[in-house]
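What follows is the residue order along each chain.
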Amino acid sequence: MTTAPWAKRRTFAIISHPDAGKTTLTEKLLLQGGAIHLAGEVKARGAARRARSDWMKIEQQRGISVTSSVMTFEKDGIVFNLLDTPGHEDFSEDTYRTLTAVDSAIMVIDAAKGIEPQTLKLFEVCRLRSVPIITFVNKVDREGRPCFEILDEVADKLALDVCPMSWPVGMGGEFEGIFDFASGRLTQPSGESKAYEGKSSQHSGIDDPSLAEKLSANGLAKFREEAELAQAGYASFDLEAYRHGDLTPVYFGSALKEFGIEEMIAAIAKFAPPPRPQPSEAGTITPDNNEVTGFIFKVQANMDPQHRDRIAFMRLCSGTFKRGMKLTPSGLGKPVAIHSPILFFAQDREIADTAEPGDIIGIPNHGTLRVGDTLSEKNSVRFTGLPNFAPEILRRVVLRDPTKTKQLRKALDDLSEEGVIQVFYPEIGSNWVVGVVGQLQLDVLISRLEAEYKVDAFLEPAPYDTARWINGSDSDLKTFAQFNGGNMAKDRDGNPVFMARSSWDVGYQQEKHPDLVFSATKER
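Because the structure is predicted, anything quoted here is derived from the model rather than measured.

Asks: Now, about the overall build of the protein: what can you tell me, with residues and values included?
Replies: Summing up its helical and strand segments, the protein has 13 helices and 31 strands in all. Burial status across the protein gives 58% buried among its 524 residues. Nonlocal contacts in the protein, meaning residues at least 24 apart in sequence, comprise 70% of its contacts between residues at least 6 apart.

Structure, rendered in structure tokens:
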């Protein structure tokens, strides 16, 4: 029996707190997968292409990943689609949507800091969709907390069974290598940089006498004691429990020094699930369904500053996509022929001829495709679970040059389509209000208005605290709007939104108008 091509796809994301080493791990995984020749740059066309996975101007200035990018590489016949998600809490919406498009995730934890708030928040999102998680404890070549402490923290805070798959021999200054329990392979640092440069040896297990030739006496004694306890004291690996999201295998390593990278790729190839069925209004859609279906989880404008381009990122859920196919977006209702779909390698893009379920393809368009749209051949499917969240921070946008109103409207519409911000047009007054979930999104907004749309604007506090979408009968909505005219706005789809001055206000209005539904999320 030949396996379907989609069974060889692994679509995964890396989640972590800022500075736990996510971008470094991403680069090293790509390097191992043969996708880049030198970490930190991309082959081809010299300086113009020296693209990192962090490519927006603000990302390069701050050294952080702000937009989620997609990278594809192949190793040993398995195609890996890696989605890079922002670790900064401010990018929760974009990140949330990216996590809807993956089948498994790698959680990166800094050995010195353990689980940080952001990791927890992202983990909650994975749990909502029961995404299986592999844990990578990074930076063990530096002084860190004891390994047992970190394992226990993962078990307690995330309520997961943990299963150590490898163990470090010493940490920080006493670091002598990483021992992989399953294969009995010891990888050791060599050279001045103390990085992993291929120095490895094979052993039958932790009690193998040949380990004494490789490690110092103290290091070996401590390692044997710890490793024995680690193997006896924690759950053994169970594939079913991992795929249900109840157990996480834990690997120790150092992304910068390349320890544990090969093991991570092998673990994803071996354990991570192939494309999973996706929830839709008409029940779940399995990858072996013949109709081509997919959903847009992200729209990115201006990836190439020379052109005003927009690319919609689509996760293929079923069927084999061929170039030139006609698919119908649920938001549009009429078929669109997709002539130049793109496969990604950070900023490097290749035109795709075919794609299988689990693949992420980019569709160039001019604003016809929006986040949350389902694309299908017959337009009979709607995927669910890609919400808009009620913004936590609201600001008014004020132009320094009033003649640029048209450009500002275009820019705000574009950026809200991407999901960077949400824009609300108040019924009374001319200043538009933007809503975001985190502070950094505002910096991104101002920086992109200037860089990409040449609009010089600033933000001033809005008198509102939060926004709620309201649903109800026309007459109820009309009565409500008459009494609360000053607090009413429309979102960019024209839906009525109540701009509340405080959370108390929301509760008060809900009591006063029981026939109306005030919701904090809206399916896109």
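Now that the structure has been shown, the text picks up again.
Asks: Which residues make up the packing of helix α10 (residues 405-418) against helix α11 (residues 439-453), and what values do they have?
Replies: Where α10 contacts α11, the axes come no closer than 11 Å and their chain directions differ by 120°. Classified by the interaxial angle, the pair formed by α10 and α11 is oblique. The two elements α10 and α11 cross, and the hand of that crossing is right-handed. Of α11, the residues touching α10 (which contributes L408, A411, L412, D414, L415 and E418) are L445, R448, L449 and Y453. Tallied by class, the residues present in the contact of α10 with α11 amount to seven nonpolar, no polar and three charged.

Asks: Requested: an account of the packing of aromatic side chains, with residues and values cited.
Replies: In total, this model carries 15 aromatic pairs according to the counting rule given. A centroid spacing of 5.4 Å and a plane angle of 75° characterise the contact between F480 and F498, whose relative ring orientation is edge-to-face. Residue F480 is located in helix α12 (residues 474-483), and its partner F498 is located in strand β29 (residues 496-500); the two are separated by 18 residues in the primary sequence. Per residue, the accessibility class of F480 equals that of F498, and both read buried. Every member of this aromatic cluster is reached through a ring pair, and the members are F148, W167, Y234 and F252. The lysine or arginine in question, K298, covers the ring of F313, its NZ or CZ lying 5.5 Å from the ring centre. For R409, the ring lying beneath its charged end belongs to Y425, and the centroid distance is 4.0 Å.

Asks: Which residues make up the packing of helix α1 (residues 22-32) against helix α9 (residues 261-270), and what values go with them?
Replies: Running from N to C, α1 and α9 cross one another at 75°; their axes reach a closest spacing of 10 Å. When the axis of α1 is compared with that of α9, the two are roughly perpendicular. Only I261, E262, M264 and I265 of α9 make contact with α1, whose side of the interface consists of L25, K28, L29 and Q32. Of the residues assigned to the contact of α1 with α9, the class counts are five nonpolar, one polar and two charged.

Asks: Account for the environment of L120, with residues named and values stated.
Replies: With respect to the helices and strands, the residue L120 is situated in helix α4 (residues 117-128). Of the residues examined, L120 reaches a relative accessible area of 29% and is grouped as partly exposed. Along the backbone, L120 and M107 are 13 residues apart, and their C-alpha atoms lie at a distance of 10.0 Å. Dropping the residues within four chain positions of it, L120 is found in contact with I115, K157 and L158.

Asks: Requested: an account of the pattern of salt bridges, with residues and values cited.
Replies: When the charged atoms of two side chains with opposite charge come close together, those side chains can pair. On inspection of all chains with the given rule, the structure shows 15 salt bridges. In this structure, D413 and R409 form a salt bridge, with 4.0 Å as the shortest nitrogen-oxygen distance. Here the residue D413 and the residue R409 both occupy positions in helix α10, the gap between them amounting to four residues, near one helical turn. For D413, a relative accessible area of 25% puts it in the partly exposed group. With relative accessibility at 37%, the residue R409 sits in the partly exposed group. One network of salt bridges, with partners in common, ties together R145, E149, E153 and K157.

Asks: Account for the sheet that holds strand β7 (residues 166-169), with residues named and values stated.
Replies: Two orientations exist for strands paired in a sheet by backbone hydrogen bonds: parallel and antiparallel. Pairing within the open sheet is antiparallel, and its four strands lie in the order β7-β8-β9-β10. Of all strands in the sheet, those bounded by a partner on one side alone are β7 and β10 (195-202). Across the sheet, the mean angle from the axis of one strand to that of its neighbour is 25°, orientation sign disregarded. With five bridges connecting them, strand β9 (residues 185-190) and β10 associate as antiparallel partners. Opposite T187, over in β10, you have S200 as the bridge partner. Set on the sheet, helix α7 (residues 217-233) makes contact with β7 and β8 (177-180); between it and β7 the angle comes to about 155°.

Asks: Tell me about a negative patch on the surface, and please be specific about residues and values.
Replies: Together, D161, D238, E240 and D246 make up a region of like negative charge exposed at the surface. Tracing the sequence through the fold places D161 in strand β6 (residues 161-164).

Scoring rules and cut-offs
Residues numbered from 1 in each chain as written. Predicted model: local features only at pLDDT ≥ 70, side-chain atom pairs only at ≥ 80, totals over all residues. Heavy atoms only, no water. Helix = DSSP H or I, 4+ residues; strand = E, 2+ residues; numbered from the N terminus. Buried < 20%, exposed > 50% of the residue type's maximum accessible area, 1.4 Å probe, protein only. Contact = heavy atoms within 4.5 Å. Axes fitted to C-alpha atoms, helices over the stretch in contact; angles between N-to-C directions. Parallel < 35°, antiparallel > 145°, perpendicular 65-115°, else oblique. Left-handed = near helix turned anticlockwise from the far one by under 90°. Nonpolar A, V, L, I, M, F, W, Y, C, P; charged D, E, K, R; others polar. Phe/Tyr/Trp six-rings, centres within 6.5 Å; stacked < 30°, edge-to-face > 60°. Lys NZ or Arg CZ within 6 Å of the ring centre and 35° of its normal. Salt bridge = Lys/Arg side-chain N within 4 Å of Asp/Glu carboxyl O. Pairing = 2+ DSSP bridges. Patch = residues over 30% accessible without salt bridge, like charges linked within 9 Å, V, L, I, M, F, W, Y side chains within 5 Å. Areas by Shrake-Rupley, 256 points an atom, 1.4 Å probe, with all protein chains shown as cover. Lys, Arg positive; Asp, Glu negative; His and termini not counted. Charge placed at Lys NZ, Arg CZ, Asp CG, Glu CD.

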